[in-house]
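Commentary on secondary and tertiary structure
Residue-level listing of the chains:
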Amino acid sequence: MARSALLNIDTQCSFFQRDFWEDSNFADFSRNMNTLIAGCSEHRIPVVDIFHVDDSGPFSIESGFVMPMPFLTHKPATTFHKHVHNAFTDTGLDNWLRRQNIGHVIICGMRTEQCCETTARVASDLGYKVTFVSEATLTFAMTWQGVTLGSDALHHRTETVLTGRFATISTVEECLAGLTMQE
């Protein structure tokens with residue numbers, strides 16, 4: 001079985017500053033993510049923190065908000081800053097994973113249909129086995145052309161387009177049950 005790494009995408013304080021922020025699914029997301037991180041840590045699976053960085057605003061380094069959300073207390077194996085939607089293009093993540101002999105990535109974080117989904121697609125295209133732990137991702141309602149998709153609809157849409165093509169969709173429990181101890 002391929003060695004694994006957990007990619008924690010954009011779970012950063014910058015989002016608290018956005019006008020679309022809402023707390024409705026945050027408690028479940030936080031609990032699920034902490035359970036996933038703890039389980040991966042028990043299996044000696046490295047956790048990689050990835051933060052989105054912009055030149056200005058709440059996603060800029062200067063804002064002071066590019067830091068883990070307060071509920072996160074883990075020590076990441078490494079941290080990368082990205083400037084695009086996926087975690088691979090401009091970060092060195094692919095090189096780091098390959099040096100660690102990692103062929104399987106587990107994806108969690110924020111936003112489900114944006115940075116998490118895009119990272120899953122790119123990881124698959126790069127040859128990684130991808131597990132997408134949807135219940136450990138968070139997103140917010142979006143409106144276009146007068147139609148609003150709530151976070152549940154966006155989760156379902158992301159799972160639908162990823163499954164069988166780019167990733168295996170998994171619950172936290174299923175993901176942890178399928179892990180083997182890494183040395």
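Keep in mind it's a predicted model, so treat the numbers as computed, not measured. (Residues numbered from 1 in each chain as written. Predicted model: local features only at pLDDT ≥ 70, side-chain atom pairs only at ≥ 80, totals over all residues. Heavy atoms only, no water.)

It is worth spelling out the overall build of the protein chain at this point. Summing up its helical and strand segments, the protein chain has five helices and eight strands in all. Element order for the protein chain, N to C, with α for helix and β for strand: β-α-β-β-α-β-α-β-β-β-α-β-α. Its C-alpha atoms give the protein chain a radius of gyration of 15 Å, within 12% of the compact-globule value 16 Å for 183 residues. Each principal axis of the C-alpha atoms in the protein chain carries an extent, and together these give about 45 × 35 × 30 Å. For the protein chain, the share of sequence-separated contacts (at least 6 apart) that also reach a separation of at least 24 residues comes to 79%. Accessible surface, the protein chain as shown: approximately 8,700 Å² in total, 51% of it carbon and sulfur. Within the protein chain, one finds 13 positive and 21 negative side-chain charges whose respective centroids are separated by 7 Å. (Helix = DSSP H or I, 4+ residues; strand = E, 2+ residues; numbered from the N terminus. Rg over C-alpha atoms; globule rule 2.2 N^0.38 Å. Contact = heavy atoms within 4.5 Å. Areas by Shrake-Rupley, 256 points an atom, 1.4 Å probe, with all protein chains shown as cover. Lys, Arg positive; Asp, Glu negative; His and termini not counted. Charge placed at Lys NZ, Arg CZ, Asp CG, Glu CD.)

Further remarks concern the layout of surface pockets. Here the largest pocket is characterised by a volume of approximately 190 Å³. Surrounding the largest pocket, 14 residues form its lining, N25, E135, T137, D152 and H155 being those nearest its centre. The greatest single-element share of the lining of the largest pocket, amounting to five residues, is contributed by helix α4 (residues 151–162). For the lining of the largest pocket, the per-class residue count stands at two nonpolar, eight polar and four charged. (1 Å grid on protein atoms, 1.4 Å probe; cavity = no way out; pocket = protein on both sides within 12 Å on 5 of 7 lines; lining within 4 Å. Points joined across faces, edges and corners; volume = space filled by probe spheres on them. Nonpolar A, V, L, I, M, F, W, Y, C, P; charged D, E, K, R; others polar.)

Every α-helix winds through 3.6 residues per turn, so residues three or four apart in the chain are directed the same way. Between its first and last C-alpha atoms α4 spans 16 Å; for 12 residues at 1.5 Å apiece the expected length is 16 Å, and the two agree. Burial in α4 covers these residues: S151, L154, H155, T158 and L162. Down the axis of α4, the sector holding all buried residues measures 105°, keeping them to one side. In α4, the exposed positions angled more than 90 degrees off the buried face are occupied by D152 and H156. Considering only its buried residues, α4 is in contact with α3 (112–125), β5 (129–138), β6 (142–144), β7 (147–149) and β8 (168–170). Looking one or two places after α4, you find G164, whose phi comes out positive at around 80°. (Expected span 1.5 Å × (residues − 1). Buried < 20%, exposed > 50% of the residue type's maximum accessible area, 1.4 Å probe, protein only. Arc of directions from axis to C-beta.)

Now for the environment of W96. Of note, W96 is situated in helix α2 (residues 93–99). The exposure class assigned to W96 is buried, which follows from its relative accessible area of 11%. The spatial distance from the C-alpha of W96 to the C-alpha of D125 is 17 Å, given a sequence separation of 29 residues.

So, about the environment of K75. Mapping K75 onto the fold places it in the loop between β2 (47–52) and β3 (78–82). Accessibility expressed as a relative area gives 76% for K75, which makes it exposed. On a C-alpha basis, the gap between K75 and R3 in space is 19 Å, while along the polypeptide they are 72 residues apart.

Across all of its chains, the model carries zero disulfides by this definition. Cysteine C13 is unpaired, with the sulfur of C108 as its nearest cysteine sulfur at 16 Å. Among the residues examined, C13 registers a relative accessible area of 8% and is labelled buried. Distance from the sulfur of C116, which forms no disulfide, to the nearest cysteine sulfur (C115) is 7.0 Å. By relative accessible area, which is 0% here, C116 ends up buried. (Disulfide = S-S within 2.5 Å.)

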